[in-house]
Amino acid sequence: MSVEGSVTVIEPSKGWVSLRLPALWRARELLYFLIWRDVKVRYKQTLLGATWAILQPLLTMVVFSIFFGKLARMPSDGVPYPLFAYVALVPWTFFANGLTLSSNSLVANQTLLRKVYFPRLVIPVSAVAAGLIDFGIAFVVLLGLAARYGVPPTPNLIWLPALVLLALVTALGVGLWFAALNVLYRDIQYIVPFLVQVWLYATPIVYPTSLVPERWRTLYAINPMVGVVEGFRWALLGTSTAPGPMILVSAMAALATLFGGLFFFRRMEKSFSDVV
Amino acid sequence: MTAHDSIAIRVQHVSKQFRLGARQNKYPTLRESLASGATRLVQRLTSKDSSDERRILRALEDVSFEVRTGETLGLIGANGAGKSTLLKVLAQVVEPTTGRAELHGRLGSLLEVGTGFHQELTGRENIYLNGAILGMRRNEIQQKFDEIVAFSEVERFIDTPVKFYSSGMYLRLAFAVAAHLEPEILLVDEVLAVGDAAFQQKCMGKMSDVARHGRTILFVSHNMIAMEAMCDRVIWLREGRIVEDGPARAVVAHYLRNVATTQAEREWSDPATAPGNEHVRMHAVRVRPEGGRPSDAISVETAFTIEFEYWRADANARLIPSVHVFNQQGVIVFNVGPVELSPWRERPEGPTLIRDVCHVPASLLNDGLHRVAFALVDGHDVVFSMDDAVTFDVQDALELRGAWYGKWEGAVRPRLAWHTETAVESGTWSTHR
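The residue count restarts for each chain, going from 1 along the sequence in the order it is written. Lettering for chains starts from A, numbering for ligands starts from 1, and both go in the order in which the items are written. Restriction of local features to residues with pLDDT of at least 70 applies here, the model being predicted, together with a cutoff of 80 or more for giving and counting side-chain atom pairs; totals for whole chains, interfaces and linings are based on all residues.

(A) Local environment of the overall build of chain A. We count a stretch as a helix when DSSP gives it H or I for four or more residues in a row; a strand needs E for two or more, and each element gets its number in order from the N terminus. Counting its regular elements, chain A contains 12 helices and one strand. When the helices and strands of chain A are placed in sequence order, the string is β-α-α-α-α-α-α-α-α-α-α-α-α. C-alpha atoms define the radius of gyration in this analysis, and the globule rule sets the expected value at 2.2 Å times the number of residues to the power 0.38. Relative to the compact-globule value of 19 Å for 276 residues, chain A shows a C-alpha radius of gyration of 20 Å, a close match. Expressed as lengths along the three principal axes of its C-alpha atoms, the size of chain A is roughly 65 × 45 × 40 Å. Three exposure classes are used. Buried residues have 20 or more other C-beta atoms within 10 Å of their own C-beta, exposed residues have 12 or fewer, and partly exposed residues fall in between, all C-beta atoms being placed from the backbone. In chain A, which comprises 276 residues, the share counted as buried stands at 46%.

So this is what it looks like as C-alpha cells:
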C-alpha cells in the first residue's frame, strides 16, 4: 500500500487550530461526490425538476417588474427593468440558496458527522458549490433574455467567473459561521431565512446603486453582494457605474468573512460529533 | 510489510468526557445558552463552586494499550462501557479530551455500515458515494465495483434507488462497500448483529480474510463466540476503564462470569401506578436461576424460574396465567400456562397477592436474549397482558460447545442422547458408547 508508514496522531486540539487545507485537498474526490449527490438528489422527487433553477429567479423577476418596475417606476440605469432585475437575481439566487443550504448542511448530514471522519469543511463547501449547476442553467436563460432585449454582452464578460467566485466566497463565508452555530443553536434555522430577506433589500437588486449617495457607496459595498450585483450589471449590460472600487471593497469584506468563518468552523469542529 | 512486532495502534492515557447538559436537552437555544453563560459568569465572580462536575460523563478514563500489526483485538463490555467511544476516538469522529493515540497505516472503519447512503440514489450511485465517504479513491471503487456488487448479491437491482431495497439488500450492499475498503487498520463495531445467518457467515469470512492478510482489526461485539473465534486478544472495558487485557479465551470467560444478566427483575411497589387495570395490578416480574437471585447469570445449562406477582383487584376475576417466550429473532420459543389449576382460582374470595412461578428446565433455550410476554386470561378473554414483561439473557456455556465454534442454530438447544453403531457387514450392528 502506498500509504504504508503514514502515521496519524490523534490528540485534543487546543486553542486556535490550523485550517488543515492539505487534508481538504486530499478529500477533493469526496467533495466531488457530495456535490454530485446534492445536485442529483435536489430535484429527484420534484415535479418540475431542474426547471426550478430557472423558475425561481424568473418568477421573482416578474413580480419585481410588476411592482417595482411598473408601479413604483423604479429607475434602472437605462436598462429594461425585467433584464435589470433578472441580471441581479441570477447571482442573488445562487448566493441565497448557497447560504441557506450551507447553514443547514451540518445538521442535515449529522449521521455522517457521527460516524465517519473526513474534513468537515467538505460539507458546507459542497452545499454551496452544488448551486453552481443551477446558476449555470439560470445564466443561459439570462443570456437569452439579454439577446431578446437586444443588449449585447460587453467584453467585461471575462470578469464574470471572478464575480461568481466572489458570490461563492460570500455565501460560504457566512454559511460557515451559521453551519457551525446551527449545530449548537437551532435558532439559526429561523434566523437565516429572515437574514436572506433583509439582505435582499440591502443589495441593489430591485433598485440601482445610483440611488445610493456617492460618498456612502464604499461603505455600502461592505455588503459583498453589492460588488457582485454591480459587477454583473456592468459586465453584462454595460451599465456605466464604474464598480471597480466597490468590487474591491466587497472582495475584501468577503475574504475577511471567509477566513473568520474558516477558523471559527475549525475551532467548533471538534465538538460537532459530541453535540449534533 | 514490516515485521509483525511493529505497532499499528498506540493509545496513551486517552480520556473522553461528554458534557451531559449538551447532550440531554438536545438543542439548547441561543437564549438558554446566553442565560446559562451569564449564570456561570456570576458563579465565577462569586467564586461559588460550579456544579458542572456532576454533569460530566466520563466515557473513557485513562485508557492505554498497544496493538501490534496484524493482530485482531476485541473490545468487550456492557453497553455504555466506552467501547464505541474508543472506536470513535480512533476513527477521529470524536476528539479525546486528554491523551494521545497513534495510528500507523490507513484506517477504515465500519462504525455503522451504510453511513451516507442516500435513499433516492441507486445502488450503483450509492456504492460510489459511500466508497468516497469511507475514503476510497474513485479508480479504486471502479476497480472493485464488480466485486462489491457480486458480494452484495443485489446485481439485479443495482440501478434501482435503494429506498426500494429490502432491509437485507440494503445491508448487504452497505457491508459490501465497507468490506472492500482494504485498510491496514480496520475498526468494526457490531456489524455482525445484523443480517441473516448466511450473510453473517460471509461477513465473518471476509473479516478473517482481512486478518489473514496481515491487517490489524479492532473489533467490538457482544457476540462472545465471534470474539473468541476472531480475536487473539481481548480488552474488557467497564465504565470507561480497562478491566482486563489479555488472551481472548481468558478475558471472555472472566467477563461472562462477571456480567449480571439484563434487567431480569422488575418491581412495582405502588398498586396505583403499577401496570394493570381494574381486575389486576402487577407487583413484580423476575427471572432467576433455580435457588438463585435475579442478578445471577443464566446459561444454557441453568434451570431457572420465571415469576409473576400480581394483585387481584377484582375478587371475582378468574385469572389464568399465560406466558410467551420470544427469542431475539422474534420467534415464539414456547407458549405455556399451568396445566393443572389450583381450585382456589375458581373461588371468588382468594388471596389478593398472587405469585405464579414457571419452572424452565436446563438445556431447553438456546443462548441469546429472550423476551417474556405475560398475560392473564379467562377462557378466551384476555384480562390483562404485558408484551414486554421482562427480558433475560441466556449465556452460552463455553465448555459444552463441542468442536463447533460458531453459533448453534435453532430456537432451542436441547441436550439430547446420542449413540453410535457401526457395522462391517449389514446386519451385524455393534453399539459404541
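Structure's up, so let's keep going.
(B) The arrangement of the pairing of strand S1 (residues 7-19) of chain B in detail. All names here are of chain B. Relative to strand S2 (residues 56-68), S1 is paired through nine bridges, and the arrangement is antiparallel. By the bridge assignment, Val14 is partnered in S2 with Val63. The criterion for strand pairing is that DSSP finds at least two bridges linking the strands in question. Note: S1 against strand S4 (residues 98-104), five bridges, orientation antiparallel. Bridging from a neighbouring strand, Ile9 pairs with Leu103 of S4.

(C) Seen up close, the sheet that holds strand S16 (residues 353-360) of chain B. All names here are of chain B. With antiparallel pairing, the four strands of this open sheet are ordered in space as S10-S11-S13-S16. Single-partner strands in this sheet number two, and they are strand S10 (265-267) and S16. Each neighbouring strand pair of the sheet contributes to a mean axis angle of 20°, computed without reference to strand direction. Pairing analysis gives eight bridges linking strand S13 (residues 304-312) to S16, with the strands arranged antiparallel. Looking at S16, one finds that Thr305 is bridged to His359. To obtain each axis, a line is fitted to C-alpha atoms, and for helices this fit is confined to the stretch in contact; angles are then taken between N-to-C directions over 0 to 180 degrees.

(D) Fine view of unusual backbone geometry. Residue and element names in this part refer to chain B. With phi around 50°, Asp62 is a residue other than glycine that occupies positive phi space. Inspection of the secondary structure puts Asp62 in strand S2. Assessed through the 14 C-beta atoms surrounding it within 10 Å, Asp62 is described here as partly exposed.

(E) Seen up close, the sheet that holds S1(B). Spatial ordering of the open sheet is given by S1(A)-S4(B)-S1(B)-S2(B), a layout of four strands whose pairing is antiparallel. The two strands at the open ends of the sheet, each matched to only one other strand, are strand S1 (7-10) of chain A together with S2 of chain B. Neighbouring strand axes in the sheet, compared pairwise and without regard to direction, differ in orientation by 15° on average.

(F) Local environment of the interface of chain A and chain B. In this complex, chain A contributes 34 residues to the contact, which on the side of chain B involves 40 residues. Those elements that provide at least two residues to the side of chain A that touches chain B are S1, helix H2 (28-42), helix H5 (110-115) and helix H12 (244-275) of chain A. Tallying contributions element by element places H2(A) first for the side of chain A that touches chain B, with six residues. When its residues are assigned to classes, the side of chain A that touches chain B shows 16 nonpolar, six polar and 12 charged. Any two residues are considered in contact once their C-beta atoms, placed from the backbone, lie within 7 Å. When residues are grouped by polarity, Ala, Val, Leu, Ile, Met, Phe, Trp, Tyr, Cys and Pro land in nonpolar, Asp, Glu, Lys and Arg in charged, and all others, Gly among them, in polar.

(G) Representation of the domain arrangement of chain B. The domains assigned to chain B are domain 1 (7-26 + 55-258) and domain 2 (265-398). Domains are outlined according to an automatic or database domain assignment. One C-alpha centre belongs to domain 1 of chain B, the other to domain 2 of chain B; they are set 38 Å apart.

(H) Representation of the nonpolar core in the model. In these notes, a nonpolar core means any group of buried Ala, Val, Leu, Ile, Met, Phe, Trp, Tyr and Cys residues linked to one another through C-beta atoms within 7 Å. Ranked by size, the top nonpolar core spans 153 residues in total, and within it A:Val87, B:Leu90 and B:Leu218 carry the most contacts. Apart from the residues lying within four places of it in its own chain, the contact partners of B:Leu218 are B:Ile9, B:Val67, B:Leu73, B:Leu75, B:Leu87, B:Leu90 and B:Leu187. Membership of the second largest hydrophobic core comes to 23 residues, among which are B:Val287, B:Phe304, B:Val360 and B:Val394.

(I) Structural context of helix H4 (residues 81-108) of chain A. Residues and elements named next belong to chain A. With 28 residues, H4 should cover 40 Å at 1.5 Å per step; its first-to-last C-alpha distance of 38 Å lies within 8% of that length. The sharpest bend along H4 measures roughly 30° and falls at Leu89, with the proline Pro91 sitting one to four residues further on. Across the 28 residues of H4, 22 count as buried, placing the element largely inside the fold. For a helix, the expected span equals 1.5 Å multiplied by the number of residues minus one. Note that the bend at a residue is defined as the angle between axes fitted to the seven residues ending at it and the seven residues starting at it.

(J) Looking closely at the confidence of the model for chain B. Residue and element names in this part refer to chain B. The pLDDT score gives, residue by residue, the confidence of the prediction method on a 0 to 100 scale. Here chain B averages 80 in pLDDT, and 81% of its residues register 70 or above. Per-element confidence in chain B is highest for strand S8 (residues 233-238), whose mean pLDDT is 93, and lowest for helix H1 (residues 20-24), whose mean pLDDT is 48. Counted against residues more than four places away or in other chains, residues 22-26, with its pLDDT under 50, gives three contacts. Predicted complex, confidence summary: ipTM 0.81, pTM 0.70.

(K) Structural context of the environment of A:Glu230. Mapping A:Glu230 onto the fold places it in helix H11 (residues 224-237). A:Glu230 sits in the buried class, given 27 other C-beta atoms within 10 Å.

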